[in-house]
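Observations on chain architecture
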Amino acid sequence: MTRLYVFTGLLDRYSAMPAVVTALRGYRERTLCPPGLEPHLVPATDDNTLASIAFKGGKLLREERTREAVERALATRHGCSRARRARELTPEVGDLNELMGQA
């Protein structure tokens, strides 16, 4: 469960990075909604998108709905791993896929 909280913290951290938002927006233009996140995302991607997913994941953990939290985290990781352009836009972002994979 600790890893889920770490993952939630990463989402919060990256939600405010313009390069990440731009990369996710670009990914969602090609893939309307990452698989597994359909019921959790609004059509527009903005700086609240990852923060919203993080908040909802934390809520699932507080409600002891760990399986659902894990499923959402895995779907989010998959979607973020496709947003490779973030690192091109701002190298300080690092490798989202690697960081989220470690979490």
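Just above, that's the structure.
In short, a report on the structure. Every value quoted in this text rests on a predicted model; they were computed, and no experiment measured them. (Residues numbered from 1 in each chain as written. Predicted model: local features only at pLDDT ≥ 70, side-chain atom pairs only at ≥ 80, totals over all residues. Heavy atoms only, no water.)

1. Description of the pattern of salt bridges
By the definition in use, this model includes 4 salt bridges. We note a salt bridge from R65 to E68, for which the minimum N-O separation is 2.7 Å. Given the relative accessible area of 34%, R65 is considered partly exposed. In this structure, R67 engages E71 in a salt bridge whose closest nitrogen and oxygen atoms are separated by 3.2 Å. (Salt bridge = Lys/Arg side-chain N within 4 Å of Asp/Glu carboxyl O. Buried < 20%, exposed > 50% of the residue type's maximum accessible area, 1.4 Å probe, protein only.)

2. A short note on the packing of helix α1 (residues 2-15) against helix α3 (residues 49-62)
The N-to-C vectors of α1 and α3 enclose an angle of 160 degrees; their axes lie 8 Å apart at closest approach. Judged by the inter-axis angle, α1 sits roughly antiparallel to α3. Classified by chirality, the crossing of α3 by α1 is left-handed. Here α1 contributes L4, Y5, T8, L11, D12, Y14 and S15 to the contact with α3, which in turn contributes L50, A51, I53, A54, G58, L61 and R62. (Axes fitted to C-alpha atoms, helices over the stretch in contact; angles between N-to-C directions. Helix = DSSP H or I, 4+ residues; strand = E, 2+ residues; numbered from the N terminus. Parallel < 35°, antiparallel > 145°, perpendicular 65-115°, else oblique. Left-handed = near helix turned anticlockwise from the far one by under 90°. Contact = heavy atoms within 4.5 Å.)

3. What to know about the side chain of S15
For S15, the position within the fold is in helix α1. Judged by relative accessible area, which is 7%, S15 ranks as buried. For S15, the residues in contact, after removing those within four places along its chain, are V21, D47, L50 and A51.

4. Side note on the packing of aromatic side chains
Counted under the stated rule, the structure contains 0 aromatic pairs. Here the basic side chain of R62 rests over the ring of F55, its NZ or CZ set 5.9 Å away from the ring centre. (Phe/Tyr/Trp six-rings, centres within 6.5 Å; stacked < 30°, edge-to-face > 60°. Lys NZ or Arg CZ within 6 Å of the ring centre and 35° of its normal.)

All quantities given are derived from atomic positions and should not be read as evidence of function.
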